[in-house]
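Here is what each chain is made of, one letter per residue.
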Amino acid sequence: MHKQGVKNFPYYVGINSLADIATREDRVCVLNITGNESKTVTPISHEFSGGNIVFGTSPGRTGQTLATKLGKIPVFNSIKDGLDAGLKFNTAVIYLPPSGVRDGVAEAVRYNTDLKKIIILTEKVSTQDASIIRAICQTNGVDVFGANCLGVADAWNRVRIGGALGGSKPEESLVKGTVALYSNSGNFTTTIAVYLLTKGWGTTTSISSGKDVYIHFAPKEFFHALDNDDRSKAAVIYTEPGGYYEHGLKINKPTVACVVGRWKARLTKACGHAGSLAGSGDDANAKERWYMNYFGVDDIYTPEKPVFSKKGAVVTNIAHIPEALSRVMELNKIAPDFEPMGDLSLKCWFSSNNGFNIPNELSPVVVTAVSPYGEQIEHINKQTGAQYPRQSMKDTSGASMMDPATQVTKIHGLSILDASKRTLEENLVMSLLKNYPDEYGKALANVAFNAYVNHNNEAALLAADASRDSGNSPNTALSSAVAIIGKGKVKISTDVSLVILELFQHSGLKNPLDKFDFNKILCGLSKDAKKGFTASAGDARAEVMLKRIDGLGKKSVFIEFIKEAADGKPSSDALLGAIWMTLAWQALLGRSISKVTVTMLPWYSRLFSTIVGCSAPASKHTADSFCAVKNDELVSKWSFTETAYAALIGKRPSDKELFEFSMLVGLIISNGPGTISAQGSKGGVSSDGPEDPLRVQVNKAFMGFMTHTGYAHGGNGYEAIAFLIERFKDTGLKNPSDKNHGIDLKAIADAYAKWYAKYKAEQKGYGNIEYMKVPCVNHPIFKGKPVNYDPRERFVNALFEEKGIYNVFLDFYGKLVNSLFDAKVSKEVYCVNVDAVIAVILLKAVWEAFNTGKMADKEVENAAFTTFLFGRMIGCAAEIDDHINRGRNMDTRSPASQCKFVG
C-alpha cells in the first residue's frame, strides 16, 4: 500500500517545500563512496554542509575511511553494517554503476526505515530498473532525485547533497538569494547560478533533475514545492527536449524558462542526455510554446527584442537568463538580492593572434585571472617557447601529412603546391620556423646561407669529392660532407644563440627590429662571453656578412648587440647565431617553436649551406669565389635559390628559370612521414634519444635522410629524363622554352605509342609481367576515368600558362598519354603524374649544356638526384626538428612481434 504524501498528487511526494530538500538536519549515506567520482566530490560536499555524511559503503572495504577536513568518514561493506554500528541516515546518495543502482536502492529502502530521500547520480540506468526503483520508493514513502544528475543544494542552509553542484568551491556560486533553480543539466545548474550573480540574484534551492528518460523529481513536483517555499520569490528552469514533464504545469511565481536543443529535432537517436530525444510533440519548439502559454507571451526573450510578462519569459540562451529575470522581477516590484557581482563580458586569461595581424576590436583584452590561476598563468607566461608532450613518433609527424585522396602533402599546414611558389630560402626558413620570413628576413637568410656555401679547402668538401671519386651517388657523397658538420663546427654560433636567449627572453623585447636599449644587458656580459663573439684575424666572411647586413636598411637588436659586444668586429659564427635569433624571435615568443629549436638553428643553417655548396666539386670552390662568383657578390647580390641552381647547372638562372627551379624544389619537399627519406631522418633522431635533445646529432639525422634516398628513391627521376633524351636527341631541339620549336610532337608520341603497343603485346605473350613501363604516366590514385589528371601536374601546368612559361617536354607528355590511348595501350587516357613535372623542368634547365656536350649523361643524372636532395632537405629538416621536440628515445623501432623471418 502506498504511503500518504503531500496533497495534489496521485502518487507519493513527500517533499512539500523546497526548504525541505537539502537541510542541515539531513544525514547522508553514500553508496560506492570510494569510487573515482565520489572520493573527489564527497569530501567537498561534506565540508560545505558542516559534516552531514555519516558513512559510506564499498563492498569489501569495511574499516577503511575517506579523509576530509572535518574528519574521516567511515566506510562499511554494506548499509546494514553501518546501521548495525549505530549510524543513522535519512538520505542515500547513489554512485553505483548502472547495473547496481536498482539493488542499491532496494538495499537502502529494505534496511533503513528512516529513509526519506534518494539521490541517484549514475547515468544510463535502464528504464526497466528506473520503473522498479520508482515502485519501491513510492511504496515506502521515499522521494527520488535523478538519475543522471548532480544532486541538490541549498544556499540558505549551506548544504550540498550528491554531486558537484558549485564545483570545488560551492560557496562561490551557491550564494543566498531568492531564486530557485531546476535544471536538466547538472553543469548548467552551477553556470546559471553564477550568471544570476551578475544581476544581483542569489539562490535558494538548486536541483539538478537529470535528463534520463525517467525523471523522478519532475517540474510538477518542483513548482509545487516552490509555491510552499517562502524564501523563493522566483524560479529559473532549464529544459531540454524530450518528455512531457513540462506539459500542463501550474506556475504561480515569476519564472524564466530556458529551452534549448532546437537542433535535436533532426536527430534519430539521443545525443547527450538519454532522455533528450524528442518526438514531434515534445521537441524544443513545443516546449517553448508550452512555457509561452504559461507566461502569456508570444515570442522568445532576447536583449534586442525583450518579450516578457509579470509571470515570466522564455529564453533560448542561458546568457539571457539574468537580464530576463531582472525585467520580470521589475514588473513584480521585486528588487535584486544584492549588488551585481561581476558581469558576463568575455574575460580572457590568455590571448594569442597566432602570428596574424588582426583588428583591435577582434583582439580580446587579457585580464588577470583569479587566484590561484593568476599565479599559475604568470609562471607559464615566464616560460619561453613551445613545449610539446613527448610521445612515440614512429610513422607519426607534427610537421607533415599527406592527403591520401589528392596525394598532396602539407608541411606545417601548408600545401606543397603553395610552397612551390616560394623560393628555396623561404621554404628552408619555413621548415623550421613554421612561417615565411618577410623581405628583410629573407635577405638575412640569404646572408646566412650564402656566407657558408664556399667550402674551399674545408674537410667537408674534401670528403664529398673523395666520395664522388669513389663512384658514389650524390646522396652518399653529400652524407660524407654532412658528417663533418658536427656540433663542434657550430659551437660558437649555438653558444651565441643561447646567450642571447638567456639575456633577452624576459627583457620585454617583442620584435628584434624595435628600438631597444640593451646597455644594461651588455654591462652584465662577461669578458669570456664577449671574447666568443669577436672575430679572429682574417675572418673575411664576417666582413662580407656585415657589409651586406648593414646595407639592408634595418637594424636587428641582436646583431647590434653582438657588434657592440665584439667592439665592432663580430665573428662570422657569432653573426650567424644573431641572424637566426633575429629570424626566430617572434616565432619563439609566440610559442610556435621551442628553445631547443632556436638554439639549433645555426646548425641547420650550416647543413643547408654544406649540402648546396658541396654538391659542386672542389674545382668550383676557390678562396674568393664559388662557381666563378665572388664571395662578396654571392652574399650581397645572390639568393640561395640562385646559388643552388648555379651549383647544379653552372650558371645564374633567368627569372623564368628561377621560378621553374623554385617550383621544382618546392614540389619535392615532402611526401609525409611515411616516405623513406623522412623515416631515415626520424630514425637518426630516435636512435640518439630526443628526450635529451642536446645529445641529438642533427647532422647525423640529415645523414639518415640522405642514406635513405637512392636510385629508386630520389634518383628515379633520371629514368624520365633518359626517356625524354632518347625521344628528342635527334630532333634538333635547341630551346625547350620556344613554342615555335618546329618539332611534330604528336608524330614522336604516336611513333613511340605504336612501338610500345607492339612491345607490350610481345612481352605479355612471353609471359613477362615485369616489362618496361612508360615513366611518369599513370598513377594508382588518379585513374579509372575516361581522361585522368594528377592535380599536382594540373596545378603546375596552370601556373606555367599564367606565367607564360612553355616547356616542350611537358607538352610532349600531354600528347603521349593521348597517343597511348589511341594505340590501345591504355583503356583510358592516363594522367601525366607529378614525377614528369620534376623531370621536364630539370631537363629543360640542363638541355643546352647537355645538347652542346658540356654536360654528360651522368652529370644530368646527378643533377636530377641532387635537385631531389635540395627539395627533400626542406621537409626532412622539419621532420628532424619535430621529432627532436616530440619524440621518445628509440621510438621508431618495430616490436619483435611485428617482425617476420623468411626462410
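Our subject is the structure listed above.
Anyway, here's the lowdown on the structure attached to this text. Bear in mind that the values here come from a model prediction, so they are computed numbers and not experimental data.

Looking at the side chain of S431
So, point 1. Of note, S431 is situated in helix α12 (residues 424-433).
So, point 2. You can call S431 buried: its relative accessible area is 0%.
So, point 3. There is a polar contact of 2.6 Å between the side chain of S431 and the backbone oxygen of L428.
So, point 4. When near neighbours in sequence (up to four residues on either side) are disregarded, S431 contacts H412, F608, I874, A877 and A878.

Concerning the pattern of salt bridges
So, point 1. Applying the stated criterion across every chain yields a total of 30 salt bridges.
So, point 2. Among the ionic pairs, D129 bridges to R102, the shortest N-O distance being 3.4 Å. Here R102 lies in helix α3 (residues 98-111) and D129 lies in helix α4 (residues 127-139), a separation of 27 residues in the sequence.
So, point 3. For D129, a relative accessible area of 12% gives the class buried.
So, point 4. As a salt-bridge pair, R792 and D790 come within 2.9 Å of each other at their nearest N and O atoms. Each member of the pair, R792 as well as D790, carries the same accessibility label: buried.

Side note on the packing of helix α26 (residues 676-688) against helix α33 (residues 857-886)
So, point 1. Across the interface, α26 lies against α33 with an axial gap of 9 Å and an inter-helix angle of 35°. Where α26 crosses over α33, the handedness of that crossing is right-handed. Here α26 contributes S677, A678, S681, K682, V685 and S686 to the contact with α33, which in turn contributes R872, C876, E879, I880, H883 and I884.
So, point 2. Residues of the contact of α26 with α33, tallied by class, amount to 5 nonpolar, 4 polar and 3 charged.

As for unusual backbone geometry
So, point 1. Look at the link from G146 to A147: it is a cis peptide, with omega at 0°.
So, point 2. Relative to the helices and strands, A147 is located in the loop between β7 (143-145) and β8 (152-154).
So, point 3. Look at the link from S371 to P372: it is a cis peptide, with omega at 5°.
So, point 4. Mapped onto the elements of the fold, P372 is located in the loop between α9 (321-331) and α10 (373-381).
So, point 5. In this structure, K333 takes a positive phi of about 60° despite not being glycine.
So, point 6. Positionally, K333 belongs in the loop between α9 and α10.

Thresholds, definitions, all that
- Residues numbered from 1 in each chain as written.
- Predicted model: local features only at pLDDT ≥ 70, side-chain atom pairs only at ≥ 80, totals over all residues.
- Heavy atoms only, no water.
- Helix = DSSP H or I, 4+ residues; strand = E, 2+ residues; numbered from the N terminus.
- Buried < 20%, exposed > 50% of the residue type's maximum accessible area, 1.4 Å probe, protein only.
- Polar contact = N/O pair within 3.5 Å; in protein donor to acceptor, adjacent residues only side chain to side chain.
- Contact = heavy atoms within 4.5 Å.
- Salt bridge = Lys/Arg side-chain N within 4 Å of Asp/Glu carboxyl O.
- Axes fitted to C-alpha atoms, helices over the stretch in contact; angles between N-to-C directions.
- Left-handed = near helix turned anticlockwise from the far one by under 90°.
- Nonpolar A, V, L, I, M, F, W, Y, C, P; charged D, E, K, R; others polar.

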